[in-house]
Amino acid sequence: MEPFGSRLHQALAKRGPLCVGIDPHASLLAAWGLSDDVDGVERFSRTVVEALAERVAVFKPQAAFFERFGSRGMAILESTIRQLRDAGALVLLDAKRGDIGSTMAAYADAYLNPSSPIYVDAITVSPFLGFGSLRPAFDSAALHGGGVFVLALTSNPEGSQVQHARTADGRTVAQLILDEISQLNTGAKPLGSIGAVVGATVGRTGEDLSRTNGPFLVPGLGAQGGDPAGLREIFGDSIDAVLPSYSREVLAGGPTVRGLIEATERSLDACRRALGG
Ligand SMILES: O=c1ccn([C@@H]2O[C@H](COP(=O)(O)O)[C@@H](O)[C@H]2O)c(=O)[nH]1
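Residues numbered from 1 in each chain as written. Predicted model: local features only at pLDDT ≥ 70, side-chain atom pairs only at ≥ 80, totals over all residues.

Engineer: Could you clarify how one ought to interpret the overall build of the protein in this entry?
Structural biologist: From N to C terminus, the protein includes 12 helices and eight strands. Radius of gyration (C-alpha) of the protein: 18 Å, near the 19 Å computed for a compact globule of 277 residues. The dimensions of the protein, computed from C-alpha atoms along their principal axes, are 55 × 40 × 35 Å. Looking at the protein as a whole, 50% of its 277 residues qualify as buried. Taking the intrachain contacts of the protein between residues at least 6 apart in sequence as the baseline, contacts between residues at least 24 apart amount to 72%. (Helix = DSSP H or I, 4+ residues; strand = E, 2+ residues; numbered from the N terminus. Rg over C-alpha atoms; globule rule 2.2 N^0.38 Å. Buried ≥ 20, exposed ≤ 12 C-beta atoms within 10 Å, placed from the backbone. Contact = placed C-beta atoms within 7 Å.)

Engineer: What is the right way to look at the site of the ligand in this model?
Structural biologist: Taken together, 17 residues are adjacent to the ligand, and Thr154, Ser155, Pro219, Ser247 and Arg248 come closest. By residue class, the composition of the shell around the ligand is four nonpolar, nine polar and four charged. (Near = placed C-beta within 6 Å. Nonpolar A, V, L, I, M, F, W, Y, C, P; charged D, E, K, R; others polar.)

Engineer: Got a minute to help me understand the pairing of strand 2 (residues 58–61) in this structure?
Structural biologist: In regular strands, side chains alternate between the two faces of the sheet. The two faces of strand 2 match: Val58 and Lys60 on one face and Phe59 and Pro61 on the other face are all buried. Pairing between strand 2 and strand 3 (residues 90–97): two bridges, direction parallel. Across the sheet, residue Val58 finds its bridge partner in strand 3, namely Leu90. (Pairing = 2+ DSSP bridges.)

Engineer: Please clarify how the UniProt feature "active site" (unreviewed entry) in the protein should be interpreted in this entry.
Structural biologist: On the UniProt side, "active site" (unreviewed entry) is annotated at positions that read Lys96 here. Its 17 C-beta neighbours within 10 Å are what place Lys96 among the partly exposed residues. Aside from chain neighbours lying at most four places away, what touches Lys96 is Thr124, Val125, Ser126 and Leu151. (UniProt positions renumbered as here; feature names shortened; annotations may be inferred.)

Engineer: For this particular structure, what's the right way to read the environment of Phe131?
Structural biologist: Within the secondary structure layout, Phe131 lies in the loop between strand 4 (122–125) and helix 7 (135–144). The sequence separation of Phe131 and Ile181 amounts to 50 residues, and the corresponding C-alpha distance is 9.2 Å. Here Phe131 is in contact with Ile177 and Glu180, once residues within four sequence places are set aside.

Engineer: Where do I start with the environment of Gly40 in this structure?
Structural biologist: Mapping Gly40 onto the fold places it in helix 3 (residues 38–52). Sequence separation of Gly40 and Pro24 is 16 residues, and the distance between their C-alpha atoms is 8.7 Å. Beyond its immediate chain neighbours, meaning those up to four positions away, Gly40 contacts Leu29, Leu34 and Ser35.

Engineer: Sorry, what's going on with the UniProt feature "domain: Orotidine 5'-phosphate decarboxylase" (unreviewed entry) in the protein here?
Structural biologist: Under the UniProt annotation, "domain: Orotidine 5'-phosphate decarboxylase" (unreviewed entry) lies at residues 17–263. Between the C-alpha atoms that bound residues 17–263 the distance is 15 Å, and the span itself is 39% helix and 16% strand.

Engineer: Looking at this structure, I do not really get the sheet that holds strand 7 (residues 216–218). What am I missing?
Structural biologist: Through backbone hydrogen bonds, the strands of a sheet pair up, either in parallel or in antiparallel fashion. The parallel closed barrel is built from eight strands, whose spatial order is 1-2-3-4-5-6-7-8. Taking each pair of neighbouring strands and ignoring which way they run, the sheet shows an average axis angle of 30°. When strand 3 meets strand 4, the two strands line up parallel, connected through three bridges. Residue pairing in the sheet places Arg97 in a bridge with Val125 of strand 4. Packed on one face of the sheet, helix 9 (residues 173–184) meets strand 5 (147–153) and strand 6 (194–198) and runs near 155° to strand 5. (Axes fitted to C-alpha atoms, helices over the stretch in contact; angles between N-to-C directions.)

Engineer: Would you mind showing me how to read helix 12 (residues 257–275) here?
Structural biologist: Because an α-helix completes one turn every 3.6 residues, residues spaced three or four positions apart along the sequence face the same direction. Its 19 residues give helix 12 an end-to-end C-alpha distance of 27 Å, which sits within 8% of 27 Å, the value for a rise of 1.5 Å per residue. Looking only at helix 12, the buried set comprises Leu260, Ala263, Thr264, Ser267, Leu268, Cys271, Ala274 and Leu275. For helix 12, the angular spread of buried residues about the axis comes to 135°, placing them on one side. Opposite the buried face of helix 12, at more than 90 degrees from it, the exposed residues are Arg258 and Arg273. Gly276 occupies a position one or two residues after helix 12 and carries a positive phi of about 75°. (Expected span 1.5 Å × (residues − 1). Arc of directions from axis to C-beta.)

Engineer: Where do I start with the nonpolar core in this structure?
Structural biologist: Within soluble globular proteins, side chains that are nonpolar generally end up buried alongside one another. Formed by 87 residues in total, the largest nonpolar core has its most connected members in Val58, Val148, Val150, Ala152 and Ala196. Beyond its immediate chain neighbours, meaning those up to four positions away, Val58 contacts Ala11, Cys19, Ala89, Leu90, Leu92 and Leu243. (Core = buried A, V, L, I, M, F, W, Y, C linked by C-beta atoms within 7 Å.)

Engineer: Any chance you could explain the packing of helix 3 against helix 5 (residues 70–86) here in plain terms?
Structural biologist: Each pair of packed helices can be summarised by the angle the axes make with each other and by the distance between the axes. The geometry of helix 3 relative to helix 5 is characterised by a closest axis approach of 10 Å and an angle of 10° between their N-to-C directions. On the basis of their axis angle, the class for helix 3 and helix 5 is roughly parallel. In this structure, helix 3 uses Val38, Val41, Glu42, Ser45 and Val49 to contact helix 5, whose residues at the interface are Arg72, Gly73, Ile76, Thr80, Gln83 and Leu84. A breakdown of the residues in the contact of helix 3 with helix 5 according to their chemical character gives five nonpolar, four polar and two charged. (Parallel < 35°, antiparallel > 145°, perpendicular 65-115°, else oblique.)

Here it is as structure tokens:
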């Protein structure tokens, strides 16, 4: 399979710079007139697929909202992933996995091996057991054309406590993560397959994002207060590598297909304006 970085580049050129999160919050299920149970999540996910699967470049299901309902929730996640991929969209599972290397290898097998029932194009991972512990995910991504997005500067206010802490050589933890990512992406064209998660709420932090040579997944837009107009300040010349991601802002357009499409179009227009595409 072609490397994830190339596939992402093509998908964004074709469908526009947008990732839509699939986060069936209890409050959204209620707002859509659905029950907070497996049937509600199934109907919610099916409606998002029907409305958007053929329009949006990347979808980011949030694993937690499916895991809430045990094996039946996971079955819905599995079939949602399949339907989205069948419609030509890329699926980036927000699972934030991270563990010792030997266990990480099992996570890599679960999500990045095409023979797995829950195979996706890319996953999010947490580097806080040490960047090197994520090696099995990077190896599997390289082997199978997958993508891995590493948490670097997260959108939540608590993140800076750890991410702005200084390492022994004086770099921040976030800078160390970004530097490790840039090493993995050396020479990749048009974009590496190892990305960083950088929230739209972080402002100008002082980290150097310019050498990453991989995609930036940017959550925190809309419901968390981030605005596409602020992205250039954060990313500077790396703005072309930004993958803006909305969940609640778009999902609040439901329960109708038309409402979801209109909310998506509004978000996509705002991102296009901000990214200059
Ligand atoms: O730094 C991060 C990393 C991940 N997320 C996830 O993105 C969505 C955001 O949802 P909104 O409704 O658009 O606020 C959610 O699944 C988070 O777990 C993040 O927000 N920040």
